[in-house]
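Chain residues, written in single-letter form:
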Amino acid sequence: MKYILAHDSGTGGNKAVVYDENGLMVASVFEEYESIHPRPNWAQQKVADWWRVYRSTTRKVIEKSKINPKDILAIGISGQQCACAPMKKDGTLLSETSMIWYDSRSAEQAKRYLDTYGEIEWFKKTGGGLRPDTYSGPKIAWIKENEPDVYKATDVFIGVKDYLNFRMTGQISAEYAEATGTGVLDIHKWDYSPELAEACGIDLKKLPPLKPSTSIHGKVTKQAAEELGLVEGIPVVAGSGDVSATAAGSGAVAEGRIYNYIGTSSWIAVSSAQPMLLTDIKPYIFCHCVPGQYVSNVSIYCAGNAFRWIRDVICEPEKQEALAKGMDPYDLISEMAAKIAPGAEGLLFFPSMMGGSTITRNPNTAGAFVGLRIGHTRANLARAALEGISLDLKMVLNLFEKMVPSFKELRLTGGGSNGFLWRQILANIYKKTILVPSVTQETAALGAALCAGVGIGLWKDFLKVDEISTIKSRTEVQPENVGIYEELAEVYAETARLLDHPYTRLAEINKLV
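Here, residues in each chain are numbered from 1, in the same order as that chain's written sequence. Local features in this predicted model are restricted to residues whose pLDDT is 70 or higher, and side-chain atom pairs enter the listing and the counts only when it is 80 or higher, whereas totals over whole chains, interfaces and linings include all residues. Hydrogen atoms and water are omitted, and side-chain values are computed over all heavy atoms in the structure.

**Brief notes about the overall build of the chain**
Within the chain, the regular secondary structure consists of 18 helices and 24 strands. Over its C-alpha trace the chain gives a radius of gyration of 22 Å, about what one expects of a compact globule, namely 24 Å for 513 residues. Principal-axis analysis of the C-alpha atoms gives the chain an extent of 60 × 55 × 45 Å. Within the chain, the fraction of its 513 residues that count as buried is 62%. Values of accessible area rely on a 1.4 Å probe in the Shrake-Rupley scheme; residue burial ignores everything except the protein chains shown. Summing over all exposed atoms, the chain offers an accessible surface of approximately 19,800 Å²; the carbon and sulfur share of this is 51%. Positive charges are assigned to Lys and Arg, negative charges to Asp and Glu, while His and the chain termini are left out of the count. Note on charges: their place is set at NZ of Lys, CZ of Arg, CG of Asp or CD of Glu. Here the chain carries 55 positive and 59 negative side-chain charges, and the mean point of each set is 2 Å from the other. What counts as a helix is a DSSP run of H or I of at least four residues, what counts as a strand is a run of E of at least two, and both are numbered from the N terminus. Only C-alpha atoms enter the radius of gyration; for comparison, a globular chain is expected to reach 2.2 Å times N to the power 0.38, where N is the number of residues. For the exposure calls, accessible area comes from a 1.4 Å probe over protein chains only, and a residue counts as buried if that area is under 20% of its type's maximum, exposed if over 50%, partly exposed in between.

Put into structure tokens, the structure is as follows:
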């Protein structure tokens, strides 16, 4: 038996997965790394952590799977997007840290970029539906203005996946899905745009050259093989940014396929041969790792992370109890929340704890509980959190249905698909049947494996995913609970609008402290 080694280097850590030649998962290992928030609206990670954890998970998954590294046919990586580590061509890092996607310190540079080029024109050319400071182009412009010595000395600003590919092969490149996250890629030409780069104020020579996701990036060097516990010469494909990799692993590899991912962030997306450039909605659009396809998405930035905050800050007793019992803390918290009726007894939760999103573009948007009463317990707060994230996603779904109307079922992937209560809440709020495929949490890694398998000719095309991931559960709508969620959705949307100004004022006050 031969194997593919895939990695998902996401926001919260790195997951290494071994797949056999049929696409079945043999073993997986996850290890966290830290995101650092030294100031409001700043988010960064230590670049050394990316490689340290990648090296650790690789060794651990090889040991866990008990495979011989000589039997690995190829390696593929999916990576969080919009990071921009400044690096020399020889691999010398010019900063210990890199900004990551939800860092919004470059809001001023992003505004100036769009004012110069034109916001609508920029969207039509780049598919840039995310907050513009999300993209790495404005982040690089921030470095140019605030750390000019670093900018001048930098040969290449490199993302997470491409840095890991470099460490394995000594070669520097990116692919189209990752490059979409720069905000200076013309998605129609599948290439960087000199006009966009000029408006953004950055030098295209400092961005990596581009290759297709399925192309061979390079081969594992002797030094990297020694560090990783692999053998020299294994082909490393270019891989994919995580938005497109997750779409592929979720089955969105052909025209009109739709899915909802709930992880750290959450999005609803569709694969299509033409980008869905609807200026009234402004979905964020990425070149797909599937040749000739695009992924159009509408999202919220804080989903699983918000519920993780509930676990760690609000429900610490339940977390410790679950760990003592050998349970997943989320299961115990969900059991507790399920005892509370829909509506959480008049309590609403707003999950935007990492700034705005495609529906709330204010970077100062924050989280909130509204309706707290003295009788509320941790169970109420936990239920309200699941409902609040789902109501936020309902606002996303309302926009999405303007692009892709008339669908009754929705595939759900990511860690959020594991919760029985969350699935039922989503079904009732969406008014859709929720389908959960057999591969849910490893979708980005599976997308990376598909890039590798197709890239080396092991698999014919990305439709291989239909053989690997089949539907394992269906959650139907409960008609008796639809009405209350329809009313809550109206209150939620109205309250979200009213909170926008106070969030800005609070941010202004915080700057004075």
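**Notes on helix H3 (residues 119–126)**
Taken residue by residue, H3 has Trp 122, Phe 123, Lys 125 and Thr 126 as its buried positions. Here, two residues are considered to be in contact whenever any of their heavy atoms come within 4.5 Å of each other. Looking at the buried residues of H3, the elements they touch are helix H2 (107–117), helix H7 (176–180), strand E10 (185–186), helix H8 (194–200) and strand E18 (284–287). Gly 127 lies just past H3 and shows a positive phi near 70°.

**A closer look at the pairing of strand E2 (residues 13–20)**
Taking burial as the measure, the eight residues of E2 include eight buried ones, the bulk of the element. Both faces of E2 are covered, namely the face carrying Gly 13, Lys 15, Val 17 and Tyr 19 and the face carrying Asn 14, Ala 16, Val 18 and Asp 20. Both strand E1 (residues 3–9) and E2 contribute to a ladder of seven bridges, which runs antiparallel. From the neighbouring strand, His 7 faces E2, where its bridge partner is Ala 16. At least two DSSP bridges between two strands are required for those strands to pair. What sits between E1 and E2 in their antiparallel hairpin is a turn of three residues. Here E2 runs beside strand E3 (residues 25–32); their pairing, made up of seven bridges, is antiparallel. Looking at E3, one finds that Gly 13 is bridged to Glu 32. Between E2 and the antiparallel strand that follows it, E3, lie four residues; Gly 23 among them carries a positive phi value of about 95°.

**A few points about the packing of helix H12 (residues 316–325) against helix H13 (residues 329–337)**
An axis is simply a line fitted to the C-alpha atoms; with a helix, the fit covers only the stretch in contact. Between two such axes, the angle follows the N-to-C directions and lies from 0 to 180 degrees. At a minimum axis separation of 8 Å, H12 and H13 run at an interaxial angle of 125°. Classified by the angle between their axes, H12 and H13 sit oblique to one another. Between H12 and H13 the crossing geometry is right-handed. Across the interface between the two elements, Glu 318, Lys 319, Glu 321, Ala 322 and Leu 323 of H12 pack against Pro 329, Leu 332, Ile 333 and Met 336 of H13. Of the residues in the contact of H12 with H13, the class split is six nonpolar, no polar and three charged. We call two directions roughly parallel when the angle between them is under 35 degrees, roughly antiparallel when it is over 145, roughly perpendicular when it lies between 65 and 115, and oblique otherwise. Definitions for this section: a left-handed crossing has its near helix turned counterclockwise from the far helix by less than a right angle. A right-handed crossing has that turn clockwise. Nonpolar residues are Ala, Val, Leu, Ile, Met, Phe, Trp, Tyr, Cys and Pro. Charged residues are Asp, Glu, Lys and Arg, and all others, Gly as well, are polar.

**A short note on the side chain of Asn 260**
Here Asn 260 lies in strand E16 (residues 258–262). Judged by its relative accessible area of 0%, Asn 260 is buried. Contact partners of Asn 260, with chain neighbours within four places excluded, come to Ser 266, Trp 267, Ile 268, Leu 410, Arg 411, Leu 412, Thr 413 and Tyr 430.

**Side note on a nonpolar patch on the surface**
Patch definition: residues with relative accessible area over 30% and no salt bridge; like charges joined within 9 Å; nonpolar side chains (Val, Leu, Ile, Met, Phe, Trp, Tyr) joined within 5 Å. A carboxyl oxygen of Asp or Glu within 4 Å of a side-chain nitrogen of Lys or Arg is what we treat as a salt bridge. There is a patch of nonpolar side chains on the surface, built from Ile 216, Ile 456 and Leu 458 and spanning about 200 Å² of accessible area. By the secondary structure assignment, Ile 216 is in strand E13 (residues 216–219).

**Examining the packing of aromatic side chains**
Classification of ring pairs uses Phe, Tyr and Trp, with its six-membered ring standing for Trp, and accepts pairs whose centres are within 6.5 Å; under 30 degrees between planes counts as stacked, over 60 as edge-to-face, and the remaining range as tilted. The final tally for this structure, using the stated rule, is 17 aromatic pairs. Measuring from centroid to centroid gives 5.0 Å for Trp 101 and Tyr 102, while their planes differ by 70°, and the two rings are edge-to-face. On the basis of relative accessibility, which here comes to 10%, the residue Trp 101 falls in the buried class. Following the ring pairs from residue to residue traces out a cluster consisting of Trp 101, Tyr 102 and Tyr 301. Seen from the ring of Trp 142, Arg 105 lies directly overhead, with NZ or CZ sitting 5.0 Å from the centre. Two conditions define a charge sitting above a ring: the NZ of Lys or the CZ of Arg must be within 6 Å of the ring centre, and it must be within 35 degrees of the ring normal.

**Here's the deal with the environment of Tyr 135**
With respect to the element layout, Tyr 135 can be found in the loop between H3 and helix H4 (136–146). C-alpha separation for the pair Tyr 135 and Ala 341, spaced 206 residues apart in sequence, amounts to 40 Å.

**Things to note about the sheet that holds strand E23 (residues 433–437)**
Strand order across the open sheet formed by seven strands is E18-E19-E17-E16-E22-E23-E24, with mixed pairing between neighbours. At either end of the open sheet lies a strand with only one pairing partner, and these are E18 and strand E24 (471–475). Neighbour-to-neighbour, the strand axes of the sheet open up by a mean angle of 30°, direction not taken into account. Of the strand pairs in this sheet, E23 and E24 are connected by four bridges, and their pairing is antiparallel. Each residue of the ladder has a partner; that of Ile 434, found in E24, is Thr 475. Against the sheet, helix H15 (residues 420–430) makes contact with E16, strand E17 (266–272), strand E22 (409–413), E23 and E24, and its axis sits at roughly 140° relative to E23, the strand it touches most.

**Quick word on the nonpolar core**
General note: in soluble globular proteins, nonpolar side chains tend to be found buried as a group. Grouped together as the largest cluster of nonpolar side chains are 108 residues, with contacts concentrated most on Ile 389, Phe 400 and Tyr 430. Per-element accounting of this core gives the leading share, 15 residues, to helix H14 (residues 378–403). Not counting residues up to four positions away in its chain, the partners in contact with Phe 400 are Ile 258, Ile 268, Ala 269, Val 270, Ser 296, Val 298 and Phe 407. In this structure, Val 18, Tyr 54, Met 168 and Val 236 belong to the second largest nonpolar core, which totals 35 residues. In this description, a nonpolar core means a group of buried Ala, Val, Leu, Ile, Met, Phe, Trp, Tyr and Cys residues linked to one another through side-chain atoms lying within 4.5 Å.

**Section: the pattern of salt bridges**
Two side chains with opposite charge may pair up if their charged atoms get near one another. Per the stated rule, a full pass over the model turns up 28 salt bridges. The salt bridge partner of Asp 312 is Arg 311, with a shortest N-O separation of 2.6 Å. Judged by relative accessible area, Asp 312 falls into the partly exposed class, the value being 29%. A salt bridge links Glu 467 to Lys 464; the shortest N-O distance between them is 3.0 Å. Exposure remark for Glu 467: the relative accessible area of 60% places this residue in the exposed category.

**Comments concerning the pairing of E1**
Across the seven residues that make up E1, a large majority, seven, are buried. Taking every second residue as pointing to the same face, both faces of E1 are buried, with Tyr 3, Leu 5, His 7 and Ser 9 on one and Ile 4, Ala 6 and Asp 8 on the other. Here E1 pairs with strand E5 (residues 72–79) via seven bridges, running parallel. Following the sheet pairing, Ala 6 is matched in E5 by Gly 76.

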